[in-house]
Amino acid sequence: MANWLFLIPLAPLAAAVINFLFGRWYIRDRAHWLAILGVAAAFVLSVAAFAQVAGDGEAISQHLYTWIPAGDFQIPVALTVDQLTAVMLVVVTGVGLLVHIYSVGYMHGDPGFYRFFSYLPLFVFSMLMLVLANNYLLLFVFWEAVGLCSFLLIGFWYRRRSAAQAAKKAFVVNRVGDFGFGLGVMLIFVNLGTLEYTGVFEGVASLPQGTVTLIALLLFTGAIGKSAQIPLFVWLPDAMEGPTPVSALIHAATMVTAGIFMVARSWAIFAASPDAMLVVAIIGAATAFVAATIGLTQYDIKKVIAYSTVSQLGYMAFALGVGAWAAAIFHLMTHAFFKGLLFLGAGSVIHGMHDEQDMRHMGGLKKYMPVTYWTFLIGAAANAGIVPFAGFWSKDEIIVGAWVGGRPIIAIVGLIAALFTSLYMFRVVFLTFHGEERFDRHHVKPHESPAVMTIPLLILSAGAVLAGFVGFPPENGAFHHFLEPVFSGHGAEAHHVSTATTLTFGAISTVIALAGLGLAYAAYIRGSLNPATIAARLGPLYQLAYRRWYFDEIYETVIVHPLYRLSVWLWRVVDVQIIDGTVNGVAALVSFTAQRWRRVQTGLVANYALAIALGTVIIVGVYLIVGSNLFQ
Amino acid sequence: MPVVELVRPEWGLIVPELILLGTIVVVLAGDLILSRRQHSVLTWVALAGLALSLLSNLTIDWDAGRSTFNGMFQADYFSLFINIVVGVAGILSVMISSSYVEGGEEPEGLPWPEYLALLLFSILGTMLVGAAGDLLMIFLGIEMGSLAVYALTGFARRRATSLEGALKYFLLGAFATAILIYGMAWTYGATGTTALDEIAARLRPVITGEGGIEASLLLALLLLAIGLGFKIAAVPFHMWTPDAYQGAPTPVSGYMSVVPKVAGFAAMARVLVQALGPLSDSWLTLIAILALATMVYGNVVAIAQRDVKRMLGYSSIGHTGYILVGLAAYSGMSADDRSVSSVLFYLFSYAFMNIGAFGVVTWLQSRGLGVTLDDFRGLATRSPLAAIAMTVFMLSLMGLPPLLGFYAKYYVILAAVQVGLIWLAVAVVVMSAVSAFFYLRVVAVMYFNEPVGDWKTQRTPLLGTGLALMAIGTLVFGLLSSPLLDLAQKWVQAFGVA
């Protein structure tokens, strides 16, 4: 037992509630203090929880209360911290805290300042509860809460039409996944009679193969939505409409990782179904590849990073699909550092360029914002998988995991995607910070961001450099040993990876990453390759990537448009004519009755007394007639 | 001189009541000593007294379920829960009353110390009903509570509607009391005792025999049920309610919609379940039918009201119907019988949301507005927090999850379903849907209409705090319902004669 665990989610929740209730009138532009304090407290406590779990090697938990006691359906609200949750806690609160601090500078002067600093800790709270839950229902509730918070934050500037649209899109697309997830949770309860993790994982072995596969696939549907996999990834790039710190939070710590976490948490279910694992692996690899190709062709700096996130999530998903659980979580953690860094860096660029996001109007910013440049470069190197930055270690391990897990094709797809990753990452760096200045120097005066924004960048870049070493040596690092208790038992099998394999793949990865770097250098610095000619030569292939593989267009014609027309029909005919007609009819009838009955209330005491007396006589009379032999 | 040997009562068991009595004495003395300007001190005296009385419940060993004063007074889990409900309701009522009574919303103002004393007397009476072990104690407690509330209803003595409401309430109340005491007399006649446990003990052998019950017992039972039916405003004994609620000073309406109802239901549980439990076959049908009639009438007529106080009056009749469903689900004294516990939990929930709703009406009145639906127009732009609070109360009364009112209804429905009263459970759900019409109408006018009438800025910190507490309580206790329900479930142990 650890009776203080509840303080971890409570601190950000309290900050969110207080800011929301009193922010508008009393706290106003001081709202960030409470929010930062709350998340900082959560961070310190998370580290304490992490230390305790690491020290004892055992999960700690706290039972808060029984939420729904209804016969056999007992849902406790209990918090559990095992090794997996401990990692998530530190990542969520750590990155969350830096994003909070950064936002003070970024959101300075926004009229919705207090609102922002009540949504942001609420987001952190929801994510914390999501990882702390000890059963699927609680997980589901906060799964939805995370969705709601993302809706609020993506649509933060709700007066802007595109922001409102993006928020709606994120919410609706996520609902599709959530629906599957909800069905999966119900299916678990129907089959096993419990929703608590321990009970579920023990019971999985007794279920028929088909049922387990169905449960696993339904759960994964939720992850497809939340963690932006094919075919539901379309919401994530649009979510750029939110303020940039929100993007950082969504991409690095709080939202997209939820799906990966959930699958890792449910690994016992997935491990019991090879078919489901194959589906996860294929979708993950396809996502990694498709998103990387799209990332090559975009010009909006935030869009490129967004597709990079989708691609990296693909890596995590296929790591899960090949059973490299620890590697997936490892990549999740390193990714949190470098992706948070890249987004905050992009935000710093946008801030310094007066809200310019198109890389075609940047260039040569290196000398104007040196801190942003160097930290961004570290983030890019980590993302591209250059030795020895964080991304190299975790990505390499995923690819090795796929290879030794008996899925060589997926490993090769991963390697190809890695080439693209390196290429698009350095494309961003070179287009933004190097080369000639393509902006109008009379109107735009690039400047470095204030310390409150650059310090989080520095801290995150330290993480992006160092985080990889907790997983060193590969497959055998401190990180793996730490997570070992979570991913063992329930028929887990460990692959033996020979040193030769590790070294070979390390070398291949390095060559590929450097090749990407070289290509980008040739194309955007030396000019020996002309990107425009290559694009023209590739023709339809380039168009396919540039148009984002036409996912949005297909959804628009196949789903959105017919649905819209159906909705209009439902509204005009079914709703207005049939339903409203019935409801109004009933209401009119009730209202009519009410008016009649109202007359009974005459206001005369004598009448009232008569009613009581009559009531007494009737009740006694009926009882005597029915219940006695008086009148028989 | 020889010392006369008297049976020493266990004073320790009635500490909460004694503290309240002491508070009343202090308040009355304060009325004599303090000048009019200093009267607001008494607010804190009353709040402290209530809080202390509530806290002193901790000093009693409820597990023992002991009784004292020759079995007249029982300190068991049932009386503990009643103490909690009325103690909380008392604190909340004082909080919403002070600005109204002291602030002169009524012509010529109202004397605050007297108001407080009457309020506390009524609470004391209700606590006595909760702890009663004898029909006579029930009678005493109910009368003590009722007389104080009659006076409170007519407290705005310069306003004709207040006097009218009070007079009607008093006359009809006296009539109902006569029926109640007549029922008690018949009970004594049929069983030869007035002690609740003793009545049950003497009835049990009667029931096990062949054939129905004696006519005299049946009459006693019906008269008791009808007399108490008046106190809780069950149809057709409800006619006093709308007039009294509308006429009384608004905070009094809030108070009398809760505490006298608690007294009535506590008495019903003590009399029907603890004493007449063996006759449950005879009264369950009656209670179920009263429940149906009450909830249908209350909810349907509430639709036609434009006066919010009157609307809440009818809505409180509707809620009486829901609570009766819990009682009708009584199935004998088994450990998982949820009947009385669902009633207790409902009463607790009801205290928060209904006093809260009347509190918001008081809030409007102290800002120069009236009590009709039109006065609620555009409240959201004038005072967003008050509008949020009212929304919470309305949605909770309607029974929307995860608010307290939802759980209250949920447990009542659960109790009904457990004993197979499906039709009654369905009726509760249908009537909740009907009630959405008038509850949501308030919410709609607050948010979608433009404000009308003059708004005068006014500071009412205590009222505001009270409203905040109730709104938060409505949210929080909903999520924390299960420990409360566990406590309520101990009624089985309290009545444990099975």
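Please read all numbers here as calculations on a predicted model, not as lab measurements. (Residues numbered from 1 in each chain as written. Chains lettered and ligands numbered in written order. Predicted model: local features only at pLDDT ≥ 70, side-chain atom pairs only at ≥ 80, totals over all residues. Heavy atoms only, no water.)

**Some remarks on the overall build of chain A**
If you tally the helices and strands in chain A, you get 25 helices and two strands. Buried positions account for 55% of the 632 residues belonging to chain A. Partitioning the intrachain contacts of chain A with sequence separation of at least 6 by distance along the chain shows that 80% fall at a separation of at least 24. If you sum the accessible surface of chain A, you get close to 25700 Å²; carbon and sulfur atoms cover 68% of it. (Helix = DSSP H or I, 4+ residues; strand = E, 2+ residues; numbered from the N terminus. Buried < 20%, exposed > 50% of the residue type's maximum accessible area, 1.4 Å probe, protein only. Contact = heavy atoms within 4.5 Å. Areas by Shrake-Rupley, 256 points an atom, 1.4 Å probe, with all protein chains shown as cover.)

**Digging into the overall build of chain B**
Secondary structure summary: chain B contains 21 helices and two strands in total. When each of the 498 residues of chain B is scored for burial, the buried share is 64%. For chain B, the accessible surface area stands at approximately 17000 Å², while carbon and sulfur atoms represent 67% of it.

**Here we look at the packing of aromatic side chains**
Between two aromatic rings, the relevant description is the distance of the centres plus the angle of the planes. Applying the stated rule across the entire model yields 49 aromatic pairs over all chains. Ring centres of A:Y315 and A:F318 lie 5.6 Å apart, and the angle between their planes is 45°; this geometry places the pair in the tilted category. One end of the pair, A:Y315, and the other, A:F318, are both in helix α14 (residues 301-321), three residues apart, so they sit about a helical turn from each other. Residue class for A:Y315 comes out buried when judged on its relative accessible area of 0%. Given the relative accessible area of 0%, A:F318 is considered buried. Centre to centre, the rings of B:Y245 and B:F358 are 6.3 Å apart; their planes meet at 80°, and the pair counts as edge-to-face. (Phe/Tyr/Trp six-rings, centres within 6.5 Å; stacked < 30°, edge-to-face > 60°.)

**Re the pattern of salt bridges**
Taken as a whole and assessed by the stated rule, the structure comprises 13 salt bridges over all chains. Salt-bridge contacts for A:R175 lead to A:D178; the nearest nitrogen and oxygen are separated by 3.6 Å. In this pair, A:R175 and A:D178 are both assigned in helix α6 (residues 161-192), three residues apart and thus about one turn of the helix distant. Overall, the relative accessible area of 36% leaves A:R175 in the partly exposed class. Residue A:D178 is classed as buried on the basis of its relative accessible area, which comes to 3%. With its nearest N and O atoms 3.0 Å apart, the salt bridge here joins B:K168 to B:D243. Of this pair, B:K168 sits in helix α6 (residues 160-191) while B:D243 is found in helix α9 (residues 240-247), placing the two residues 75 residues apart along the sequence. Judged by its relative accessible area of 3%, B:K168 falls in the buried class. Residues joined in a network through salt bridges with shared partners are B:E164, B:K168, B:D243 and B:R310. (Salt bridge = Lys/Arg side-chain N within 4 Å of Asp/Glu carboxyl O.)

**Quick look at the interface of chain A and chain B**
Each side of the interface is counted separately: chain A has 29 residues, and chain B has 42 residues. Counting the surface lost from both chain A and chain B, the interface buries some 3100 Å², and carbon and sulfur atoms represent 76% of this. At the boundary of chain A with chain B, the tally comes to zero salt bridges. At the surface where chain A touches chain B, the tally comes to three residue pairs in polar contact (both at pLDDT 80 or more). Within the side of chain A that touches chain B, the residues separate by chemical class into 20 nonpolar, eight polar and one charged. (Buried area = accessible area lost by both parts, 1.4 Å probe. Polar contact = N/O pair within 3.5 Å; in protein donor to acceptor, adjacent residues only side chain to side chain. Nonpolar A, V, L, I, M, F, W, Y, C, P; charged D, E, K, R; others polar.)

**Brief notes about the environment of B:R157**
Residue and element names in this part refer to chain B. Looking at where R157 falls in the secondary structure, it is placed in the loop between α5 (135-153) and α6. Since its relative accessible area comes to 48%, R157 is described here as partly exposed. Taking the C-alpha atoms as reference, R157 lies 9.7 Å from G109; in sequence the two are 48 residues apart. Those residues within four positions of R157 in sequence are excluded, and the remaining contacts are P111 and L163.

**Description of α6(B)**
Here α6(B) spans 46 Å end to end across 32 residues, near enough to the 46 Å set by a 1.5 Å rise per residue. Just past α6(B), the residue B:G192 takes up positive phi, approximately 80°. (Expected span 1.5 Å × (residues − 1).)

**Overview of a nonpolar patch on the surface**
On the surface, A:V17, A:I18, A:F20, A:L21, A:F22, A:W25, A:Y26, B:L385, B:I388, B:Y447 and B:F448 cluster together to form a nonpolar patch covering roughly 1100 Å² of accessible area. Broken down by secondary-structure element, the contributors of at least two residues to the nonpolar patch are α1 (7-27) of chain A together with α16 (384-398) and α18 (422-448) of chain B. Position of A:W25 relative to the elements: it lies in helix α1. In this structure A:W25 comes out as partly exposed when scored by relative accessible area, which is 34%. (Patch = residues over 30% accessible without salt bridge, like charges linked within 9 Å, V, L, I, M, F, W, Y side chains within 5 Å.)

**Describing the confidence of the model for chain B**
Per-residue confidence for chain B gives a mean pLDDT of 89, with 97% of residues at or over 70. The lowest-confidence element of chain B is helix α7 (residues 196-208) of chain B, averaging 81 in pLDDT; the highest-confidence one is helix α4 (residues 112-131) of chain B, averaging 94. (pLDDT = per-residue confidence, 0-100.)

**Describing the confidence of the model for chain A**
Looking at chain A as a whole, its pLDDT mean stands at 83, while 95% of the residues score no less than 70. Of all secondary-structure elements in chain A, the lowest mean pLDDT belongs to strand β1 (residues 60-70) of chain A, at 74, while helix α11 (residues 256-265) of chain A reaches the highest, 89.

**Topic: the nonpolar core**
Across soluble globular proteins, you tend to see nonpolar side chains buried next to one another. By size, the foremost hydrophobic cluster in this structure holds 203 residues, and its most contacted members are A:L130, A:Y136, A:L219, A:W235 and A:I269. The leading source of residues in this core is helix α15 (residues 325-352) of chain A, at 17 residues. Those residues within four positions of A:W235 in sequence are excluded, and the remaining contacts are A:K169, A:A170, A:V173, A:N174, A:G225, A:K226, A:A228, A:I250, A:M255 and A:V256. A:I612, B:L224, B:I317 and B:L485 belong to the second-largest nonpolar core, a separate cluster that totals 200 residues. (Core = buried A, V, L, I, M, F, W, Y, C linked by side-chain atoms within 4.5 Å.)

**Focus on the side chain of A:N134**
All names here are of chain A. Counting through the fold element by element, N134 comes out in the loop between α4 (113-132) and α5 (136-154). Relative accessible area serves as the criterion here: at 12%, N134 is assigned to the buried category. Side-chain polar atoms of N134 contact the side chain of E196, separated by 3.5 Å. Here N134 is in contact with P76, A78, T80, E196 and Y197, once residues within four sequence places are set aside.

**Describing unusual backbone geometry**
With glycine set apart, most residues show a phi of negative sign, and most peptide bonds adopt trans. Geometrically, the link from A:I230 to A:P231 is a cis peptide bond, its omega value of 5° lying close to zero. By the secondary structure assignment, A:P231 is in the loop between α8 (209-226) and α9 (235-238). A cis amide bond links B:P401 to the next residue, B:P402, at an omega of 0°. Its place among the elements puts B:P402 in the loop between α16 and α17 (404-418). One non-glycine residue, B:F69, lies in the positive phi region at around 50°.

**Notes on the side chain of B:T193**
Residues and elements named next belong to chain B. With respect to the helices, strands and loops of the structure, T193 is situated in the loop between α6 and α7. Note on T193: relative accessible area 10%, which makes it buried. Among the polar contacts made by the side chain of T193, one reaches the main-chain amide nitrogen of A195 at a distance of 3.1 Å.

**With respect to the packing of helix α16 (residues 370-384) of chain A against helix α17 (residues 390-404) of chain A**
Residues and elements named next belong to chain A. The geometry of α16 relative to α17 is characterised by a closest axis approach of 6 Å and an angle of 15° between their N-to-C directions. Comparing their axes, α17 and α16 come out roughly parallel. Relative to α17, the crossing made by α16 is right-handed. Note on element contacts: α17 touches α16 through A390, G391, F392 and K395, opposite A382, N383 and A384. A breakdown of the residues in the contact of α16 with α17 according to their chemical character gives four nonpolar, two polar and one charged. (Axes fitted to C-alpha atoms, helices over the stretch in contact; angles between N-to-C directions. Parallel < 35°, antiparallel > 145°, perpendicular 65-115°, else oblique. Left-handed = near helix turned anticlockwise from the far one by under 90°.)

**Quick notes on the packing of α16(A) against helix α18 (residues 408-433) of chain A**
Residues and elements named next belong to chain A. One can describe the packing of α16 onto α18 by two numbers: an axis separation of 8 Å at closest approach and a directional angle of 170°. Comparing their axes, α18 and α16 come out roughly antiparallel. Note that α16 runs across α18; the crossing there is left-handed. Between α16, through T372, Y373, F376, L377, A380, A381, N383 and A384, and α18, the contact on the second element is made entirely by T421, S422, M425, F426, V428, V429 and F433. Taken together, the residues of the contact of α16 with α18 break down into 11 nonpolar, four polar and no charged.

**So, helix α1 (residues 15-33) of chain B**
Residues and elements named next belong to chain B. Given a rise of 1.5 Å per residue, 19 residues ought to cover 27 Å, and the 26 Å separating the end C-alpha atoms of α1 matches this to within 8%. Residues of α1 that are buried include every one of P16, E17, L20, T23, I24, V27 and G30, and no others. For α1, the arc enclosing every buried residue in end-on projection is 140°, short of the 170-degree limit, so these residues lie on one face. In α1, the exposed positions angled more than 90 degrees off the buried face are occupied by V25, L32 and I33. Looking at the buried positions of α1, the neighbouring elements they touch are α2 (40-55), β2 (73-74), α3 (77-102) and α4. (Arc of directions from axis to C-beta.)

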